[in-house]
Amino acid sequence: MQSIINRIENNQFWKFHGGIHPPEQKFLTNSKPIKPLHLPELLIIPVQQHIGVPGDILVNIGDTVLKGQSLTAPTSPMAVPVHAPTSGTIEKIALHVTAHPSGLSELCIFLKPDGQDKWRPRELCEDYKTLDRSDIIRKITDAGISGMGGAGFPTHIKVDSKPNIDFLIINAAECEPYITADDLLMREHSATILDGINILRHLLIPRLVLIGIEDNKPEAIEALKKATADINDIHICVVPTKYPMGGEKQLIKALTGKEIASGGLPIQQGIIMQNVATCYAIADAVINDKPLIERVVTVSGQGLEKPQNIWAALGTPVRDLVSLCHSTQPADKKAIIMGGPMMGFTLPIDTVPVVKTTNCVLVPSEKELNLHNTEVECIRCGQCAEVCPSNLLPQELQWSAKAKDHDKLKALNLFDCIDCGACAYVCPSHIPLVQYYRIAKAEIRQQELQDIKAEKAKARFEARKARLERERKAREEKQRKASEARRAAMNNSQEGTNAKSAVAAALARVKAKKAQDTGVSAETSTEATTEVKTETLSPVQAAIARAKAKKAAQAAQSTELNGDNKAPETGANAGADATPSDDKQSKVAAAVARAKAKKAAKAKQEAASQTPEENVPAEQTLAGQSSAEQEKAEEQMNTAPKEKPAADSKQAKVAAAVAKAKARKQAKAKAEQAESITEGSAPSQDEPEKTDVTSAEVTAKTDAAEAIETTEAPANDKKAKIAAAIAKAKAKKAKQSSNDLDESTDDSTIENPLKEGTVESKANSTTDSSAEDSDTASEVKPANDKKAKVAAAIAKAKAKKAVQASNAGSSEVDDTMEKADAKSVNSEADVAETEVNAEPLNGNDQSAPAVSSISQQKKARIAAAVAKAKAKKQQQAESN
Amino acid sequence: MAFWIASSPHNHIQKETSALMRLVIFATIPGILAQWYFFGWGNIIHIGLATATALLCEFFVLSLRKKPIKAELLDGSAILTAILLAICLPAVAPWWISVLGAMFAIAVVKQLYGGLGHNPFNPAMAAYVMLLISFPVEMTTWLPPRELWPVEYTFMDTVWMIFTESTQLGYSAEQLRTHIDGYTMATPLDTLKTGLTTGLSVSEVTTSPVFGDYFASGWEWVNAGFLLGGIILLAKKAIHWAAPVSFLAMLWLCSLIGYMVSPDLNPSTLFYWFSGATMLGAFFILTDPVSGATSFKGRLVFGALAGLLVYLIRNFGGYPDAVAFAVLLCNMAAPLIDVYTRPRTFGHQTHGLGVAGNKQGAKK
């Protein structure tokens, strides 16, 4: 101990490892006096400006406060109050970005100065030595003093410590470049600082007071020496200029040779350090009863015309300080650093207020600081390790930080890093080392928090498990006793039989449900056929189909597979309502069901019914609706089946697809289909070829296409494919095409729907609406338009499914091709989009040339596009 | 208003890796000039060949790896590697020696391991060793210094020699190496090794003209040139003094011991310093930060180990010079050396060795 004092008295100091010598740039501000206080228009006073916890806010919005009045009251020992820097009114209390590296928003009190600067009553203290020790500490606490060097540790905690303090070290090193606030304060107010030091001596009774100051502040050194000339136990220790000399541990090491243990505090080794500005504030607080409401801030940088030191009221927005010094920086390339260039942080906005720890506001010019170098690979040059004041290995830390190896980072003593930035300063690879460390530290802290949480959660979970286990055992015990009691009771009476019968009844109910479901599915298939004729059946079937979509689909599939031949028959049946037609329908329905489980059933039914209707029965029904159309449709259908049964199968497929696709609108679709059929008949009336086409169109886009194809075997296949493709790809155009189709078929369709009212009122309505939509060239009726629209919508929505379904349906229906083809085609056409129909029309129409109408042309185009796009799929589907 | 946001520190010393590389490249100039003076144009031609190859390889691999080509290609590290490799080659080695070596150094030793900063071995030395082992004849065809050349040997002769393996007049490399007295001249180190194995004493061997007036005719000046370059680098603080100093000190110490034990079988200490690739290795190879040790103590150990290995291989190994082998062996040891030479962190009582068992030790 004595040897240390001897060395100090001989001005022989120690060295700490590392350190750098960045350009000091203190000349910018150290030759000008401190500019007197300048109050801004609005003060933004953060509630918390120190390390610890904020106090409770004492004021409300609209309150008038006096200068020095405390705005918050400390609620814990780690809290210090904040005060009103001047008199005025509280404008609001809200979140605002504060002086924090992350740009956090914190609660701030907005104070509007009234210009009177009226003090609250003060009690000046002539002689602090007459005060009680606890009174002095209370004064320091009430004055809201926290460390002004950077960390902001509440001062009253530091000074309220046990005796046996060896060294009170006053930190006047101010090692950061640019900053001269303490320097100027020492020059201008050395007496007040000395008062503060004396108060601290009075409180702490140290063996020796050391004022550590770098040798680049000769005038401050002179001033301090003059002020302390007659005091023996205060030593002015002039140390070499080296960053980070002002670091607490570094300065202690340099002055006393003592190393503060990692994780320890200086007080544990009998050392207390205070910043000079804090000493000044202590003197002000104890002697003048002036709380900490203002401080010296260095506003510097080559981006300013008049860099200087300024007395700034706490809460002054940085913008006001910068404007006092006339920034020359363009507004769009502004950088403001709070703190020095080594450890300061950039501000996101310039309304951040000055707080108790703000010693510098730096506005660099663009070339001044090296801001835009990009990081390259570390070459392990080791310069970072050479300058590290904590003697760490920054390059190894960097690798581990990048690898997120937290254990290794801890082993490398990451938490002894003081963020001084010396390593990053010298790094020739421009690696932002400190940034990596900060992230790693945050991650490790986060991880540790999570570990603690996980531990607690685990404990809770295990406790719960134990509790549940206990409860379960208790319950089982209870049940066991209860069952024993029951058994005994049952043996005594016949109550048991009653209970059994109840269970049996429940089982029976469940079975009944299942049975119904299956039955319904079966019905749906058959119903589809019947529905074609009887509309009443179709809704029921549809409902059933919805309910049991999956099952129905499976069943349908099986039936389809079995009775491909039947399928065509069903198509025929559709017309005649014969059982074969039922088979086909059932197949179709099955396909639909598969594809569109919920709505598939309905769609199938509709399609099946529609197609058959169109072909033969459809004609009959249609005939009821419109004889002419029916006739045409019949003709078409007849011709189609005759021409190629394959076409029928395709049509059936198409119909199935349509049914799938338009499950929701199946009812409508059905109506549409009917309409389309009728439409088809109508065109057929006009032109046999057209009728075929129209029928195809009517059935469904894809279906129709297929149907047409069926009439012309290859053409049918193609059409089906085309229709599917069209439906998928050209939803929009489908409408148009459907319109076209509608146009051609409009007359007939309209008639059909009307007549088909029996078929499905919904379908009719839809078809009607579609017909309306489409402006059919000549005979187009509103019904057609509606149908077209519906078809288009359906096509859009269920394009994919339709294709698949159509494929399946076609395969299934192939057998039925002959009769069913036409029908299925019709139904498909309905389902599919009118576009498809149009296309099929073109393709179908052997008569197409005759039909050389616009609609046909459009159809032809669409068909071509569809054919191109989906040729493969169609082929596959067909093959299937 | 766009405020510029960044993490501290906002200041930088304004040094760059590429500037460091450039400085090292410039520091090789004295040694290269000495080489040119004593051994002709060969090495300079090889430097050109190797540099071009290295840059091409670097460009190719960087494009494959989708790295920023301009920045990394021009950081100087590939050029430095090529120069260091070419310096080590015999002046009459055929052109494909330097091309192959540069390709191996850049593509395999450097980039396959992850590029600059990630290569565990010194690329130039690894390439040199590869060439020496693969092409021993070409790699040991050393010319004697200029004053011992039996025939005139011009720049064009050198070009012819490198690309056609004979001079314009048809002399082969072997003929260039033949002394007027009819024996083939080798490097001083080789001559010494051969002589000692045939039972001659050091003083008898060193009467050979290849030893010249001092230690090793020509070679001593080449080494002096690299020593000068190294001193420049030290003065500029581009390299740390620990590794070269400990390397030279260890080599000096070993040779001193050997000389004192058996002066007939061991040449002088300064012969070790000024022959072969000693100075090049000390200041340009061992100071490669990427493949060397990083801490101060680690560098001391690293350099000393290299010095010891050079001495052992030169005296007891199969090769006359040993810097390349010693450097590669030390590269292998560098990570371990680093682990065991970690400095004591400020505020900690014990050294923070990264070994598992030391964690507890640090807490005591």
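Definitions and limits used
Residues numbered from 1 in each chain as written. Chains lettered and ligands numbered in written order. Predicted model: local features only at pLDDT ≥ 70, side-chain atom pairs only at ≥ 80, totals over all residues. Heavy atoms only, no water. Helix = DSSP H or I, 4+ residues; strand = E, 2+ residues; numbered from the N terminus. Buried < 20%, exposed > 50% of the residue type's maximum accessible area, 1.4 Å probe, protein only. Contact = heavy atoms within 4.5 Å. Areas by Shrake-Rupley, 256 points an atom, 1.4 Å probe, with all protein chains shown as cover. Core = buried A, V, L, I, M, F, W, Y, C linked by side-chain atoms within 4.5 Å. Polar contact = N/O pair within 3.5 Å; in protein donor to acceptor, adjacent residues only side chain to side chain. Pairing = 2+ DSSP bridges. Axes fitted to C-alpha atoms, helices over the stretch in contact; angles between N-to-C directions.

Caption draft 1: Just the overall build of chain B, in detail. For chain B, the helix and strand inventory stands at 19 helices and 0 strands. Burial statistics for chain B: of 364 residues in total, 55% are counted as buried. Restricting to contacts in chain B with at least 6 residues of sequence separation, those with at least 24 account for 72%. For chain B, the computed accessible surface area is about 15,500 Å², with 69% contributed by carbon and sulfur atoms.

Caption draft 2: Highlighting the nonpolar core. Judged by nonpolar contacts, the single largest core of 89 residues is most densely connected at Leu85, Met125, Tyr128, Phe247, Leu280 and Phe284 of chain B. Excluding anything up to four places from it in sequence, Tyr128 of chain B contacts Leu85, Cys88, Met139, Trp142 and Ala324 of chain B. Grouped together as the second largest cluster of nonpolar side chains are 78 residues, Val97, Tyr178, Leu224 and Ala281 of chain A included.

Caption draft 3: The arrangement of the side chain of Arg314 of chain B in detail. All names here are of chain B. Inspection of the secondary structure assignment puts Arg314 in helix 17 (residues 296-316). Polar side-chain contacts of Arg314 include one of 3.1 Å to the backbone oxygen of Tyr272. There is a polar contact of 2.9 Å between the side chain of Arg314 and the side chain of Asp321. Look past the residues within four positions of Arg314 in its chain and what remains in contact with it is Leu189, Lys193, Tyr272, Ser275, Gly276, Ala277, Thr278, Tyr319, Pro320, Asp321, Ala322 and Val323.

Caption draft 4: Looking closely at the sheet that holds strand 15 (residues 360-362) of chain A. Residues and elements named next belong to chain A. The 5 strands lie next to each other as 12-11-15-13-14, forming an open sheet whose pairing is mixed. Looking along the sheet, the strands with just one partner apiece sit at the ends: strand 12 (308-313) and strand 14 (345-346). Both strand 13 (residues 337-338) and strand 14 contribute to a ladder of 2 bridges, which runs antiparallel. Residue Met338 lies in a different strand from strand 14, and its bridge partner there is Phe345.

Caption draft 5: Inspection of the sheet that holds strand 8 (residues 208-214) of chain A at higher detail. All names here are of chain A. Read across the open sheet, the 4 strands follow the order 9-8-7-10; overall the sheet is parallel. On the outer flanks of this sheet lie strand 9 (234-239) and strand 10 (271-275), each paired with one strand and no other. Averaged over all pairs of adjacent strands, the angle between their axes in this sheet comes to 25°, without regard to strand direction. As paired strands, strand 7 (residues 167-171) and strand 10 are joined by 5 bridges and run parallel to one another. Within strand 10, the position partnered with Leu168 by the bridge is Ile272.

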